[in-house]
Amino acid sequence: MATRHPAARSNSVKANAVPTRRGRPPRKVYINVLVKATTRDGLAKLKASGSLASQGEVIDELVERILSVKARNGD
């Protein structure tokens with residue numbers, strides 16, 4: 001019986017690809033912060049439109065994007 005091998009992956013990294021993590025997975029923590037009602041509504045809307053599981057994931061994604069922009073700009 002012949003076996004098929006998956007296609008070889010190239011060594012180049014795509015521009016929007018997330019690098020593979022090594023080591024311990026990120027630790028999840030809870031924060032309890034006071035926000036405006038409009039901020040909470042906005043988090044709920046972003047959660048619903050972005051297929052994210054929680055408002056915490058929305059915050060995680062927003063922080064990642066901001067840090068990425070700052071890293072590109074050299075801030």
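None of these values were measured; they are calculated from a predicted model.

Chemist: Explanation requested: the overall build of the protein in the structure shown.
Modeler: Along its length, the protein carries two helices and zero strands. Residue burial in the protein is summarised as follows: out of 75 residues, 3% are buried. Surface summary for the protein: the accessible area is close to 8,000 Å², and the carbon and sulfur share equals 55%.

Chemist: Help me out: how do you make sense of helix α1 (residues 37-49) in this one?
Modeler: For an α-helix, 3.6 residues make a turn, and residues three or four places apart therefore share a direction. Between its terminal C-alpha atoms α1 stretches 18 Å, which fits the 18 Å expected from 13 residues at 1.5 Å a residue. Of the residues one or two after α1, Ser51 is the one with positive phi, at around 50°.

Chemist: Help me understand the packing of α1 against helix α2 (residues 55-73) in this model?
Modeler: Packed helix pairs are characterised by how far apart their axes lie and by the angle those axes make with each other. Packing of α1 against α2 leaves a shortest axis separation of 9 Å and a crossing angle of 90°. Comparing the axis directions of α1 and α2 gives the class roughly perpendicular. On α2, the residues touching Arg40, Leu43, Ala44, Leu46 and Lys47 of α1 are Gln55, Val58, Ile59 and Leu62. Here the contact of α1 with α2 is composed, by residue class, of six nonpolar, one polar and two charged.

Parameters at a glance
- Residues numbered from 1 in each chain as written.
- Predicted model: local features only at pLDDT ≥ 70, side-chain atom pairs only at ≥ 80, totals over all residues.
- Heavy atoms only, no water.
- Helix = DSSP H or I, 4+ residues; strand = E, 2+ residues; numbered from the N terminus.
- Buried < 20%, exposed > 50% of the residue type's maximum accessible area, 1.4 Å probe, protein only.
- Areas by Shrake-Rupley, 256 points an atom, 1.4 Å probe, with all protein chains shown as cover.
- Expected span 1.5 Å × (residues − 1).
- Axes fitted to C-alpha atoms, helices over the stretch in contact; angles between N-to-C directions.
- Parallel < 35°, antiparallel > 145°, perpendicular 65-115°, else oblique.
- Contact = heavy atoms within 4.5 Å.
- Nonpolar A, V, L, I, M, F, W, Y, C, P; charged D, E, K, R; others polar.

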